[in-house]
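# Structural overview for review
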2 protein chains.
Amino acid sequence: MTESNTLKLLIIEDNKDVSGILCDFFEAQDTELDFADNGELGLSLALRYDFDAIILDVMLPKLDGFSLCKQLRASGCSTPVLMLTALDNKTDQLQGFDCGVDDYLGKPFDLDVINARIRALIKRHRGFVAQENLTFGDIDIDIAKHQVRRKGMLIVLTPTTYQILLLLVKQAPKIVKREHIIETIWGVSPPTNDVLRSHMYQLRNQLDKPFEEPMLATVPKIGFRLQLNE
Amino acid sequence: MTESNTLKLLIIEDNKDVSGILCDFFEAQDTELDFADNGELGLSLALRYDFDAIILDVMLPKLDGFSLCKQLRASGCSTPVLMLTALDNKTDQLQGFDCGVDDYLGKPFDLDVINARIRALIKRHRGFVAQENLTFGDIDIDIAKHQVRRKGMLIVLTPTTYQILLLLVKQAPKIVKREHIIETIWGVSPPTNDVLRSHMYQLRNQLDKPFEEPMLATVPKIGFRLQLNE
DNA sequence: ATGTCATTGACATTTCTTCGACAAAATTGG
DNA sequence: CCAATTTTGTCGAAGAAATGTCAATGACAT
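Before going into details, it helps to say that this report is about the structure given with it. Here the structure is a predicted model, which is why all the values come from computation and not from measurement. (Residues numbered from 1 in each chain as written. Chains lettered and ligands numbered in written order. Predicted model: local features only at pLDDT ≥ 70, side-chain atom pairs only at ≥ 80, totals over all residues. Heavy atoms only, no water.)

The next point concerns the protein's contact with DNA strand C. As a structural note, the neighbourhood of DNA strand C is formed by 21 residues, with Thr160 and Ser198 of chain A together with Thr160, Asn193 and Ser198 of chain B the closest of them. Within 4 Å of the protein, the contacting atoms of DNA strand C are 76% sugar and phosphate, with bases supplying the remainder. A distance of 3.1 Å separates a phosphate oxygen of DNA strand C from a polar side-chain atom of threonine 158 of chain A. Between DNA strand C and serine 198 of chain B there is a distance of 2.7 Å, counted from a base nitrogen to a side-chain nitrogen or oxygen. Going through the elements one at a time, helix 6 (159-171) and helix 8 (196-207) of chain A together with helix 6 (159-171) and helix 8 (196-207) of chain B are the ones with two or more residues in the surface near DNA strand C. If you tally residues by element for the surface near DNA strand C, the top one is helix 8 of chain A, at 4 residues. Residues of the surface near DNA strand C, tallied by class, amount to 7 nonpolar, 13 polar and 1 charged. (Near = heavy atom within 4 Å. Polar contact = N/O pair within 3.5 Å; in protein donor to acceptor, adjacent residues only side chain to side chain. Helix = DSSP H or I, 4+ residues; strand = E, 2+ residues; numbered from the N terminus. Nonpolar A, V, L, I, M, F, W, Y, C, P; charged D, E, K, R; others polar.)

Following this line, the structure appears as structure tokens:
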């Protein structure tokens, strides 16, 4: 739940100096880095693994940053992308946004700025911008009171199931991956057994059992998601 | 669902020149604007109405942009905020992100850039970053839900058959080679036997059997492809 | 010390994948 | 044109994996 989870970043950059600087800077923080020195490798890593954000150079061997980002989006990946470039001109910047990047930074590479912007993107992507009252379908969550209602009926949840539901509602109706839930709740201490299942069971009992239509759906091998009952 | 919905923007800016320019520019597009010339008014408008995004000046009468944004977030509003300022310095920028803004733009106010960035923020906020639907012929795949429909009818697939269909639809109507499917699904440990045939059989049962025209065609010795039925 | 309740680990159930055996079709070579 | 051989389709059943279920544990507050 805290933001102090280790961030996983992918840096796609062929200039060793730049990637070295980024590496030194981010490794001093609570960050796990992966590198790609060409576009093709970058794209396949981005699609294969689940990063919190991607720092992407424009000029790259094999596949340029614009095409890379476009393909990434076309493949259904919505990981935040911050585009870095030595050539800072308006045309390129607009082209970048057109290709689906989230932010674009030109020449004066200021690490603190990059850091602040990356974190803003991640916050936004994860839905942690503001603590607002969340709603999805029948479900209403009052963050301040830690209260959940469905069709106005109060649903009593344990702290863990509450956190899980929070995640699900923030992403709904999209899938929330198993690992994502585990990491959010237990950090880097995967409980010996697969405890998540039990909590999902509890959550189902509380959230779905009293009602006709189940909202909590399992997506085999991937995770869970909330769905509107039709 | 498309981006052609009229955008509703709130512009919080006391400089009439700047707000005039923004007004001229955005009104030429499909945009509905609201203005506030001081911080207090801006905050109350932002909280009362549901804007797609907010353009926020830093220096404002009554309540500065930083405090405004901080209060906005604290009040549970997660509307995207783009901060504009004449004074472009690093400290202010970092402070802006600290207060929960989504983007920060300094002096050379380029309208096209503002526009591109605002739209990127809105896309991100609404969750329309990546393409999340694939279509070929009757087949519709909702990637976020891992749901497949044909002629609107829900098709239930196993994780493996889903993955295979995903590949086929992405390439359709081109041929997808056997080895390509095998490599995508099993990586570098291809099962000893020819398991793929069983999965293709399953996929046929689920995808084609309920319908008149089969879409899944075998290309002997090469692989498989989806075809449009005529 | 006692009771409550969240959490967990062990167990049961369901579902998916694999594999084998055979049938049907296509390809090849005579 | 016909057999022999390869390739693909069909399906059931066993093993593996994922998921659902619940009672015992342990932490916390009373």
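Continuing now.
Before going further, it helps to examine the protein's contact with DNA strand D. Neighbouring residues of DNA strand D: 16 residues in total, closest Arg178 and Arg197 of chain A together with Tyr201, Thr218 and Lys221 of chain B. Per the 4 Å cut-off to the protein, sugar and phosphate atoms form 58% of the nearby atoms of DNA strand D. Take serine 198 of chain B: an N or O atom from its side chain is 3.5 Å from a base nitrogen of DNA strand D. Residue tyrosine 201 of chain B places a side-chain N or O atom 2.3 Å away from a phosphate oxygen belonging to DNA strand D.

Our next topic: the sheet that holds strand 3 (residues 53-57) of chain B. All names here are of chain B. With parallel pairing, 5 strands are arranged side by side in an open sheet as 2-1-3-4-5. In the strand order of this sheet, the two ends are held by strand 2 (31-36) and strand 5 (103-105), each with one partner. With direction set aside, neighbouring strand axes in the sheet form an average angle of 20°. Sheet analysis places strand 1 (residues 7-12) next to strand 2, joined by 6 bridges and oriented parallel. What sits directly across from leucine 10, in strand 2, is aspartate 34. Strand contacts of helix 2 (residues 39-48): strand 1, strand 2 and strand 3, with the helix running at about 140° to strand 2, the strand carrying the most contacts. (Pairing = 2+ DSSP bridges. Axes fitted to C-alpha atoms, helices over the stretch in contact; angles between N-to-C directions. Contact = heavy atoms within 4.5 Å.)

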